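Residue-level structural notes
What follows is each chain in one-letter form.
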Amino acid sequence: MKSSVITFPGSNCDRDMDVALTKFGFKNKMVWHNDQELPKSDLIVLPGGFSYGDYLRCGSMASKSKIMNSVINFAKSGGLVMGICNGFQILVEAGLVPGVLLRNKYLQFICKNVHVKVDNKENTFFKNLDKKVLEFHIAHNEGNYFCTNNQLKEIEDNNQIAIYYCDQNGNTNDQINPNGSIKNIAGIFNKEKNVLGMMPHPERMIDESLSGEDGSIFFKNLLNNIK
Amino acid sequence: MKVSAVITLKKDVLDPQGKVIHETLDGMGFNSVNEVRQGKYFEIDVKENDPKKAKDLVEDMCKKLLANLVIENYKIIETQ
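Overview of the structure. Since we're looking at a predicted model, the values are computed, not measured.

1. A word on the overall build of chain B
When its secondary structure is counted, chain B shows two helices and three strands. Relative to the globule expectation of 12 Å for 80 residues, the C-alpha radius of gyration of chain B, 16 Å, shows a markedly less compact shape. Seen along its three principal axes, the alpha-carbon backbone of chain B occupies a region of about 45 × 25 × 15 Å. Within chain B, the fraction of its 80 residues that count as buried is 29%. For chain B, the proportion of contacts with a sequence separation of at least 24, taken over those separated by at least 6, is 68%.

2. Some details on the packing of aromatic side chains
Residue and element names in this part refer to chain A. Counted by the stated rule, this structure contains seven aromatic pairs over all chains. Aromatic pair F126 and F189: ring centres 6.3 Å apart, planes at 70°, arrangement edge-to-face. Here the residue F126 occupies a position in the loop between β6 (110–118) and β7 (133–140), and F189 occupies one in strand β10 (residues 185–189), the gap between them amounting to 63 residues. Overall, the relative accessible area of 0% leaves F126 in the buried class. Here the aromatic rings of F136 and F218 are separated by 6.1 Å at their centres, their planes lie at 80°, and the arrangement is edge-to-face. With F136 in strand β7 and F218 in helix α5 (residues 214–226), this pair connects stretches of sequence that are 82 residues apart. Assigned by exposure class, F136 and F218 land together as buried. Each residue in the set F24, F125, F126, F136, F189, F218 and F219 is aromatic and connected to the rest through ring pairs, giving one cluster. One cation-aromatic arrangement involves K117 over Y164; the distance from NZ or CZ to the ring centre is 5.4 Å.

3. Quick look at the interface of chain B and chain A
Across the contact, 16 residues belong to chain B and 14 residues belong to chain A. Summing the contributions of chain B and of chain A, the shared interface buries around 1300 Å²; its carbon and sulfur component is 70%. Together, L65(B), N68(B) and V70(B) form the three largest contributors to the area buried by chain B at its contact with chain A, with a combined 38%. Across the chain B-chain A interface, the total number found is one salt bridge. Linking R57(A) and E72(B) is a salt bridge whose minimum nitrogen-to-oxygen distance equals 3.6 Å.

4. Things to note about the nonpolar core
Generally speaking, nonpolar side chains in soluble globular proteins are found buried as a group. In terms of nonpolar packing, the biggest core is built from 67 residues, with I6(A), L43(A), V71(A), M82(A), F125(A), F126(A) and F219(A) touching the most fellow members. With six residues, helix α2 (residues 66–76) of chain A is the single largest residue contributor to this core. L43(A) has contacts with K2(A), S3(A), S4(A), L21(A), F26(A), L80(A), M82(A), F125(A), L222(A) and I226(A), leaving out every residue within four places of it along the chain. Counting 12 residues, the second largest nonpolar core, distinct from the first, contains V3(B), F42(B), I44(B) and A54(B).

5. Observations concerning the environment of R103(A)
Note that R103(A) resides in the loop between β5 (100–102) and β6. Looking at R103(A), the relative accessible area reads 25%, which means it is partly exposed. Between the alpha carbons of R103(A) and G143(A) there is a distance of 6.4 Å; along the sequence they are 40 residues apart. For R103(A), the residues in contact, after removing those within four places along its chain, are N141(A), E142(A), N144(A) and Q17(B). Among the polar contacts listed, one links the side chain of R103(A) to the side chain of Q17(B), at a separation of 3.2 Å.

6. Quick notes on the layout of surface pockets
In this model, the largest pocket occupies a volume close to 550 Å³. Mapped onto the lining of the largest pocket, the elements with two or more residues apiece are α3 (86–93) and β5 of chain A together with β1 (2–9), α1 (16–27) and β2 (39–45) of chain B. Residue classes in the lining of the largest pocket are distributed as 11 nonpolar, six polar and eight charged. Its volume calculated, the second largest pocket comes out at about 310 Å³. Lining of the second largest pocket is provided by 20 residues; of these, G95(A), L96(A), V97(A), P98(A) and N190(A) occupy positions nearest its centre. Elements supplying a minimum of two residues to the lining of the second largest pocket: α2, α3 and α4 (149–157) of chain A.

7. Things to note about the sheet that holds strand β3 (residues 72–79) of chain B
Residues and elements named next belong to chain B. With respect to topology, three strands assemble into an open sheet ordered β2-β1-β3, the strand pairing being antiparallel. Both edges of this open sheet fall to β2 and β3, since each of them pairs with a single strand only. Direction aside, neighbouring strands of the sheet carry axes that sit 20° apart on average. Across seven bridges, β1 lies against β2 in antiparallel orientation.

Reading guide: rules and limits
- Residues numbered from 1 in each chain as written.
- Chains lettered and ligands numbered in written order.
- Predicted model: local features only at pLDDT ≥ 70, side-chain atom pairs only at ≥ 80, totals over all residues.
- Heavy atoms only, no water.
- Helix = DSSP H or I, 4+ residues; strand = E, 2+ residues; numbered from the N terminus.
- Rg over C-alpha atoms; globule rule 2.2 N^0.38 Å.
- Buried < 20%, exposed > 50% of the residue type's maximum accessible area, 1.4 Å probe, protein only.
- Contact = heavy atoms within 4.5 Å.
- Phe/Tyr/Trp six-rings, centres within 6.5 Å; stacked < 30°, edge-to-face > 60°.
- Lys NZ or Arg CZ within 6 Å of the ring centre and 35° of its normal.
- Buried area = accessible area lost by both parts, 1.4 Å probe.
- Salt bridge = Lys/Arg side-chain N within 4 Å of Asp/Glu carboxyl O.
- Core = buried A, V, L, I, M, F, W, Y, C linked by side-chain atoms within 4.5 Å.
- Polar contact = N/O pair within 3.5 Å; in protein donor to acceptor, adjacent residues only side chain to side chain.
- 1 Å grid on protein atoms, 1.4 Å probe; cavity = no way out; pocket = protein on both sides within 12 Å on 5 of 7 lines; lining within 4 Å.
- Points joined across faces, edges and corners; volume = space filled by probe spheres on them.
- Nonpolar A, V, L, I, M, F, W, Y, C, P; charged D, E, K, R; others polar.
- Pairing = 2+ DSSP bridges.
- Axes fitted to C-alpha atoms, helices over the stretch in contact; angles between N-to-C directions.

So this is what it looks like as structure tokens:
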């Protein structure tokens with residue numbers, strides 16, 4: 001299976017993502033933001049980081065870069081696209097997933113492990129996953145998911161909420177919400193479920209001795225689903 | 001021609017920075033503040049001498065990049 005990770009100026013999780021994808025069997029290529037064409041890929045990843053120094057709004061500049069025209073076409077033709085952290089911010093700015101990511105509610109940069117509940121498994125990203133609660137890592141300043149009431153209704157009606165912040169038993173409530181996101185939303189799909197944006201970093205949880213294995217579970221499952 | 005645009009958060013969007021600024025002003029003794037909302041101001045010099053065309057151009061920029069219309073409103077405030 002072939003994957004491509006896009007590097008924008010200021011991306012800093014692109015190589016971690018490359019390590020993770022390669023470890024679990026993807027043939028990965030790194031793609032520069034100024035390129036026009038994507039290599040043949042089964043999965044495109046927009047990595048975390050601080051593209052363009054978070055100028056104007058996080059992800060806004062990167063969402064207009066040359067390669068994004070190809071990414072948008074790839075997504076619209078049904079290709080799998082995953083945006084992590086800043087990649088999620090780029091996806092919302094590109095209009096590939098609904099909503100926006102605002103500054104964290106308490107104005108603090110948050111860097112910690114969190115638990116997320118996987119709600120919808122009828123999609124390529126989470127199908128056949130045998131765990132309902134995963135432990136991932138978050139590190140962000142603008143992860144406070146927001147959308148209009150009309151958008152929220154549409155998102156809920158279409159089952160577009162991918163993951164929720166929760167405690168280790170899968171309970172979601174305000175106390176466990178790290179950044180003020182509406183409904184504890186940590187990740188969201190487009191309508192067709194081939195585009196996933198999420199704030200948590202699965203690529204940081206792929207080594208048992210360093211972190212935990214829930215990222216490994218996610219990537220192994222994803223590879224099997226794409227095969 | 002210079003065109004100025006102001007981007008503000010929509011009414012229903014939480015503005016934590018504005019809130020903190022409000023609280024700080026309160027602490028400094030400015031007790032008559034009802035609310036503070038923080039926004040962005042752009043001064044754009046365009047190669048266009050027709051005020052209407054210059055305004056339309058910046059309005060297009062606001063819609064496509066400068067503002068995110070899910071959470072923000074824009075207003076062209078002056079052309080000179």
